[in-house]
Amino acid sequence: MFRPEEMVKIEVITLNRYKDSLLTYLHENGVVEIRELDVKSAQKDSPNEYHRKAASYSITISRLVDFLKAYRRKTGGGIKEFIFPPERARKKYRYEGIEKLIKDVESFLAQVEPEIKAVEGKITSTQTEIERIKGEIAVLELLSALNLDVSYLRSTDMLEIVVGTVDRNKFRPLVEEVTRATENRAVIVSKDFKDKVLAVFVFLKSDYEKANPILAKYSLERIEIPEGEGTPRELIAVYEEKLRAKEEELESAKKDAEMLAEKYYDDVVFYQELMENERDKSTVLPMLARTNMTFAMTGWLPRANVPEVLEGIKRVTEGKAYINVREPDEEELDEIPIKLKNPGWARPFEMLTEMYGVPKYDEIDPTPIITFTYSFFFGFMLTDFMYGLIIAIIAALLVKGHKKFNDGTYKFSYTLLISSFFTMIMGAIFGSYFGNALDLAGFTVPRVWDTFKDALVVLQLALAIGLAHLFLGYTVGFIVKLKNGDKKSALLDQLPWMLIILGIVTLVLGTNSPSAGTVGKALFGIGLILFAIGEIVNNGGLAVLLIISDFFGFVGSWLSYARLMALALATAGIAMVINILVQMIWGVSIGPVPIGIVIGLILFVGGQLFSVAINALGAFVHSLRLQYVEFFGTFYSGEGKPFEPFRAKREVSELEFEA
Amino acid sequence: MDPIVYVSLGAALAAGLAGAASAFGVGVAGAAAAGVVAEDEKNFKNALILEGLPMTQSIYGLITLFLILMVSGILGGGFKFTANNPDNIVKSAILLGAGLVVGLTGLSAIPQGIIASAGIGAVAKNPKTFTQGIIFAAMAETMAIFGLVGALIMIVTGVGF
């Protein structure tokens, strides 16, 4: 707690023939972050042909997955699935080197790919066919205006026949020009069709050369005459019959696809995961240094995992390896990856710290502090027992359903669950149950303060909490900087504010005693002087301006905690507005029907749910902001590098492997 | 002026100005939201939450309206400041001031909408920036919160329940 996990550096040199198994061991174990190794006398390693194949097969397989996914039968879904997602079964694979794995994938693909591709091709071609038939039916519908046997519309040995549409205003000049060019040896049949004209041109073969450019010039859109005999009406019936047949074909192809999905989906996803992990494994190769016989790698790992990893490497390399584990150097301080280490109750809150940025290696990990302060502020801003209860129930369900996945939903619901306890406590203190609903209904609600009548008390509380929060931040910063040997910054950046805050507190608490007043003023004064000295040391001439702006920056940060009061009142206010509206409508009745109660209940439930949602969003955002902007501003950089271990992603597969 | 004029002006300006500003803010963000949903429907949830952020100012305005109506007795009972004496005029003028503070600081909904709309665009490109986008938009709300705090102090200390 408060410190990130201790890290050590590991260096390994071993024979090339153990490379694949060593990397596989580290990848499955997932506790070492591999870093680039720069050795001048050795060359960089690079992926071999099998790694390249893995990358290409992972693309091939992901195409198959996409296709099958579309035809997978839907299972469950809905709200139950969301709260309690089922765990996916993991299939075992016995790993005996990448060559064997690639062979296995190739034989799997050889069996499955043609089957899937055949169905996929069938579906695509049938769909194209259906589109084509639909297009021809549309053409026939157009031609049906002519009521001619379509075989007359096809060119013969002697005649060239062109059917097409042209803009109506272009039709007349087109006819004139064609007639002139062919010296009257053209027959033209036309039919008006919306703002176009459907026209049939009949020329002698010999005249076609002359007429064609003219048709193009007037941008005649040619129509391909569909195959078949008979009038368009008769042909449409034939084509619709064809269409039905094709649609049935499509349906049966889709059924085949569904069966394939049922049969192969899990396998395909399994092999996809295997291939993607191989591809990811090969991405570290360029970070290794190699000679003809040996290779070397370096990386970081948590101290707690050292014995296990040493044991593993020895086993994998049959003891033929040089391993060096050492403490980080002073100059490597910024290089060390940061893995947060917290007890179970605070671990989900690491999400909030990570979102801002993890601490540097010599900084404090603020997660345990914000576990408490974030939840408390959330509760203070929501301040309603029933709202807390609603959130607690939803969050508890989600925590139960997602715990086994340890995913984002679990972490977020856990933070909500803790926050909702504070919400209920604050709600009970302020006697707020759906706002003032119980008061309006005529009950006497026990409460320490009333949100509205004691608004000033709430404001004082909010500012006092703010001062305490800021003091905590400056003190933590003071201790951390002192420990890291940065005395100047501890004394000039952190201490002044601690003294100023202490001064303010003594002044406020001791308004009636003159001695406390003197002490308070003294503390405040010393703090202010130290602060001014700090500004001058840090900024030189600019200090004159910065003293003013930084001091009021502090005041602004402090007053920013007034939002605790404002949001608490906003919750009570929205709830009150809803309650008053419900109360107004409650007594309304049409004749003997108490319509007001019905509408009132709907309004109450809907309104209060809206109020929970909007106020919980506000509480989340502003509680987080107080941590990130005001609190972290006092001591925290969040500029550490997060720990990214070399780790396989295993959702549906499990690797059984022995070195 | 009669006290009723101050009181109703205060209530109207608080809810009216803040509400209009919220409408502008939500409008700006909503236009961006419609765009990114067209790109990918998965953006809907994130975009909706960001679009809703500039709405809070209108809620602050509404709360202030109700508080003004309550302390002046218009809601529940009867109007307390009917007599046109200096004491009543002072109290009702304070209510006008409180309403005006919330209404004017509620204008922060417009820039908040602009920030939210940029946030929506960013979330569409990289969903991980969602929380950061919310925090950026929340910065603009600080002024409205200060306005509400100020107004509450004016109402509670100047008039009282």
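Sequence order sets the numbering: in each chain, residues are counted from 1 along the sequence as written. Chains and ligands are labelled by the order in which they are written, letters from A for the one and numbers from 1 for the other. Residue-level local features of this predicted model are given only where pLDDT is at least 70; pairs of side-chain atoms are given and counted only at 80 or more, and the full residue set underlies all totals for whole chains, interfaces and linings. For the side-chain quantities, the full set of heavy atoms in the structure was used; hydrogens and water were omitted.

## So, the overall build of chain B
Okay, step 1: Counting from the N terminus, the helices are the DSSP runs of H or I reaching at least four residues and the strands are the DSSP runs of E reaching at least two. For chain B, the count of helices and strands is six helices and zero strands.
Okay, step 2: The order of α-helices and β-strands along chain B, N terminus first, is α-α-α-α-α-α.
Okay, step 3: Across its three principal axes, chain B shows a C-alpha extent of roughly 60 × 25 × 20 Å.
Okay, step 4: Looking at chain B residue by residue over its 161 residues, the buried ones come to 48%.
Okay, step 5: Considering only intrachain contacts with a sequence separation of at least 6, the fraction spanning at least 24 residues in chain B is 84%.
Okay, step 6: Using the Shrake-Rupley algorithm and a 1.4 Å probe, accessible areas are obtained, with residue cover drawn only from the displayed protein chains. Carbon and sulfur atoms make up 72% of the accessible area of chain B, which totals about 6,700 Å².
Okay, step 7: One way to put it: in chain B the 6 positive side-chain charges average out to a point 9 Å from where the 7 negative ones average out. Working definition: with a 1.4 Å probe on protein chains only, accessible area under 20% of the residue-type maximum means buried, over 50% means exposed, and in between means partly exposed. Any pair of residues with heavy atoms lying within 4.5 Å of one another is described as a contacting pair. Working convention for charge: Lys and Arg count positive, Asp and Glu count negative, and His plus the chain ends are omitted. To locate a charge, take NZ of a lysine, CZ of an arginine, CG of an aspartate or CD of a glutamate.

## Things to note about the interface of chain B and chain A
Okay, step 1: The partner chain A presents 31 residues to the 28 residues of chain B that form the contact.
Okay, step 2: Between chain B and chain A the total buried area reaches about 2,500 Å² when both faces are included, carbon and sulfur atoms providing 89% of it.
Okay, step 3: A pair is scored as a salt bridge if a Lys or Arg side-chain nitrogen falls within 4 Å of a carboxyl oxygen belonging to Asp or Glu. Across the contact surface, chain B and chain A share zero salt bridges.
Okay, step 4: In protein, a polar contact means a hydrogen-donor-capable atom and an acceptor-capable atom, both N or O and within 3.5 Å, with residues adjacent in sequence counting only if both atoms are side-chain atoms; elsewhere, any N or O pair within 3.5 Å suffices. Here chain B and chain A share three residue pairs in polar contact (both at pLDDT 80 or more) between them.
Okay, step 5: Broken down by secondary-structure element, the contributors of at least two residues to the side of chain B that touches chain A are helix H3 (56-71) and helix H6 (130-158) of chain B.
Okay, step 6: The element that contributes the greatest number of residues to the side of chain B that touches chain A is H6 of chain B, accounting for 16 residues. By definition, the buried area sums, over both parts, the 1.4 Å-probe accessible area that each loses when the two are put together.

## Section: the packing of helix H1 (residues 3-39) of chain B against helix H2 (residues 44-52) of chain B
All names here are of chain B.
Okay, step 1: Simply put, an axis is a line fit to the C-alpha atoms, just over the touching stretch for a helix, and the angle between two N-to-C directions goes from 0 to 180 degrees. Where H1 contacts H2, the axes come no closer than 9 Å and their chain directions differ by 175 degrees. With respect to H2, the axis of H1 lies roughly antiparallel. From H1, Val 26, Ala 29, Gly 30, Ala 33, Val 36 and Val 37 reach across to H2, where they touch Phe 44, Ala 47 and Glu 51.
Okay, step 2: Residue type decides the class: Asp, Glu, Lys and Arg count as charged, Ala, Val, Leu, Ile, Met, Phe, Trp, Tyr, Cys and Pro as nonpolar, and the leftover types, Gly among them, as polar. A per-class count over the contact of H1 with H2 returns seven nonpolar, one polar and one charged. Any angle from 65 to 115 degrees is called roughly perpendicular, while one under 35 is roughly parallel, one over 145 is roughly antiparallel, and all others are oblique.

## Brief notes about the packing of aromatic side chains
All names here are of chain A.
Okay, step 1: Any Phe, Tyr or Trp ring, taking Trp's six-membered ring, that has another such ring centre within 6.5 Å forms a pair; planes under 30 degrees apart are called stacked, those over 60 apart edge-to-face, and the others tilted. Under the defined criterion, the tally for this structure stands at 37 aromatic pairs over all chains.
Okay, step 2: Each ring, one from Trp 497 and one from Phe 531, has its centre 4.7 Å from the other, and the planes form 50 degrees; the classification is tilted. One end of the pair, Trp 497, is in helix H15 (residues 487-509); the other, Phe 531, is in helix H16 (residues 514-539), with 34 residues separating them in the sequence.
Okay, step 3: The class for Phe 531 is buried, based on a relative accessible area of 4%.
Okay, step 4: The rings of Tyr 356, Tyr 628, Phe 631, Phe 632, Phe 635 and Tyr 636 are connected pair by pair, giving a single aromatic cluster.
Okay, step 5: In this scheme, the term charge over a ring applies when either NZ of a lysine or CZ of an arginine sits within 6 Å of the ring centre and within 35 degrees of the ring normal. In this structure, Lys 19 packs its charged tip against the face of Phe 295, placed 5.8 Å from the ring centre.
Okay, step 6: Geometry around Phe 270 places Lys 91 over its ring, the cationic atom sitting 4.7 Å from the centre.

## Topic: the side chain of Gln 112 of chain B
Okay, step 1: Tracing the chain through its elements places Gln 112 of chain B in helix H5 (residues 109-125).
Okay, step 2: Excluding its chain neighbours within four sequence positions, the residues that come into contact with Gln 112 of chain B are Leu 53, Pro 54, Thr 56, Gln 57, Ala 137, Ala 138, Ala 140 and Glu 141 of chain B.

## Points about H3 of chain B
All names here are of chain B.
Okay, step 1: One less than the number of residues in a helix, times 1.5 Å, gives the span that helix is expected to have. For H3, with 16 residues, the first-to-last C-alpha span of 22 Å sits near the 22 Å given by 1.5 Å per residue.
Okay, step 2: Among the 16 residues of H3, 13 are classified as buried, and the element is accordingly described as predominantly covered.
Okay, step 3: Gly 73 sits one or two positions beyond H3 and adopts a positive phi of about 85 degrees.

## Quick notes on the nonpolar core
Residues and elements named next belong to chain A.
Okay, step 1: As used here, the term nonpolar core means buried Ala, Val, Leu, Ile, Met, Phe, Trp, Tyr and Cys residues forming a set that is joined through side-chain atoms within 4.5 Å. Counting residues in hydrophobic clusters, the biggest one holds 125 residues, and the most contacted among them are Phe 378, Leu 564 and Met 565.
Okay, step 2: Sort the elements by how many residues they give to this core and helix H18 (residues 562-586) lands first, with 16 residues.
Okay, step 3: If you look at the next biggest cluster of nonpolar residues, it comprises 56 residues, including Val 65, Tyr 95, Val 119 and Val 163.

## A look at unusual backbone geometry
All names here are of chain A.
Okay, step 1: Non-glycine residue Ser 219 carries a positive phi angle of around 40 degrees.
Okay, step 2: Checked against the element boundaries, Ser 219 lands in the loop between helix H6 (208-217) and strand S8 (221-222).
Okay, step 3: Exposure remark for Ser 219: the relative accessible area of 40% places this residue in the partly exposed category.

## Comments concerning the environment of Pro 592 of chain A
Okay, step 1: Checked against the element boundaries, Pro 592 of chain A lands in the loop between H18 and helix H19 (595-635).
Okay, step 2: Residues Pro 592 of chain A and Ala 441 of chain A, spaced 151 residues apart in sequence, show a C-alpha to C-alpha distance of 22 Å.

## Points about the side chain of Glu 363 of chain A
Residues and elements named next belong to chain A.
Okay, step 1: Within the secondary structure, Glu 363 sits in the loop between helix H9 (350-356) and helix H10 (367-382).
Okay, step 2: Salt bridges are absent for the buried Glu 363, whose nearest opposite-charge side chain, Lys 360, sits at 6.1 Å.
Okay, step 3: A distance of 3.0 Å separates a polar side-chain atom of Glu 363 from the backbone nitrogen of Ser 637.
Okay, step 4: Ignoring sequence-local partners within four residues, the contact set of Glu 363 consists of Phe 2, Arg 3, Pro 4, Val 480, Phe 635, Tyr 636, Ser 637 and Gly 638.

## Some details on the sheet that holds strand S5 (residues 159-167) of chain A
Residues and elements named next belong to chain A.
Okay, step 1: Paired strands, as defined in this entry, are two strands with at least two bridges between them according to DSSP. A sheet is described by the order of its strands in space; here four strands give the open sequence S6-S7-S5-S8, paired in antiparallel fashion. Among the strands making up the open sheet, the edge pair consists of strand S6 (186-193) and S8.
Okay, step 2: In the sheet, S5 pairs with S8 via two bridges, with the strands oriented antiparallel. Directly across from Gly 164, in S8, lies its bridge partner Arg 222.

## Quick word on the confidence of the model for chain B
Okay, step 1: A residue's pLDDT is simply how confident the predictor is in it, with values from 0 to 100. In this model, chain B carries an average pLDDT of 89, and 100% of its residues clear a pLDDT of 70 or more.
Okay, step 2: Reported for the predicted complex are a pTM of 0.81 and an ipTM of 0.74.

## Considering the confidence of the model for chain A
Okay, step 1: In this model, chain A carries an average pLDDT of 88, and 99% of its residues clear a pLDDT of 70 or more.
Okay, step 2: Confidence scores differ between elements of chain A, with helix H3 (residues 78-83) of chain A showing the lowest mean pLDDT of 79 and H10 of chain A the highest of 94.

## Observations concerning helix H7 (residues 232-282) of chain A
Okay, step 1: The terminal C-alpha atoms of H7 of chain A, which comprises 51 residues, lie only 63 Å apart, well short of the 75 Å expected from a rise of 1.5 Å per residue.
Okay, step 2: Where H7 of chain A bends most, the angle comes to about 55 degrees, and this point is Tyr 264 of chain A. Working definition for bend: take the seven residues up to and ending at a residue and the seven starting at it, fit an axis to each, and measure the angle between the axes.

## Let's talk about the environment of Leu 96 of chain B
All names here are of chain B.
Okay, step 1: Secondary-structure assignment places Leu 96 in helix H4 (residues 86-105).
Okay, step 2: When the C-alpha positions of Leu 96 and Val 5 are compared, they lie 8.9 Å apart, and in sequence the two are 91 residues distant.
Okay, step 3: Other than its neighbours up to four places away in sequence, Leu 96 contacts Tyr 6, Leu 9, Gly 10 and Leu 13.

## Description of a positive patch on the surface
Okay, step 1: Exposure above 30% relative accessible area and no salt bridge define the residues that can form patches, which grow by joining like charges within 9 Å and nonpolar side chains of Val, Leu, Ile, Met, Phe, Trp and Tyr within 5 Å. Side chains of Lys 69, Arg 72 and Lys 74 of chain A together with Lys 42 of chain B sit close together on the surface and give a patch of like positive charge.
Okay, step 2: Among the structural elements, Lys 74 of chain A can be located in the loop between helix H2 (49-70) and H3.

## Some details on the pattern of salt bridges
Residue and element names in this part refer to chain A.
Okay, step 1: Counted according to the given criterion, the structure contains 41 salt bridges over all chains.
Okay, step 2: Linking Arg 326 and Glu 11 is a salt bridge whose minimum nitrogen-to-oxygen distance equals 3.6 Å. With Arg 326 in strand S11 (residues 321-326) and Glu 11 in strand S1 (residues 7-15), this pair connects stretches of sequence that are 315 residues apart.
Okay, step 3: Relative accessible area serves as the criterion here: at 23%, Glu 11 is assigned to the partly exposed category.
Okay, step 4: Note that Glu 221 and Lys 196 form a salt bridge whose closest N and O atoms lie 3.2 Å from each other. Residue Glu 221 is located in strand S8, and its partner Lys 196 is located in strand S7 (residues 196-204); the two are separated by 25 residues in the primary sequence.
Okay, step 5: A relative accessible area of 46% means that Glu 221 is categorised as partly exposed.

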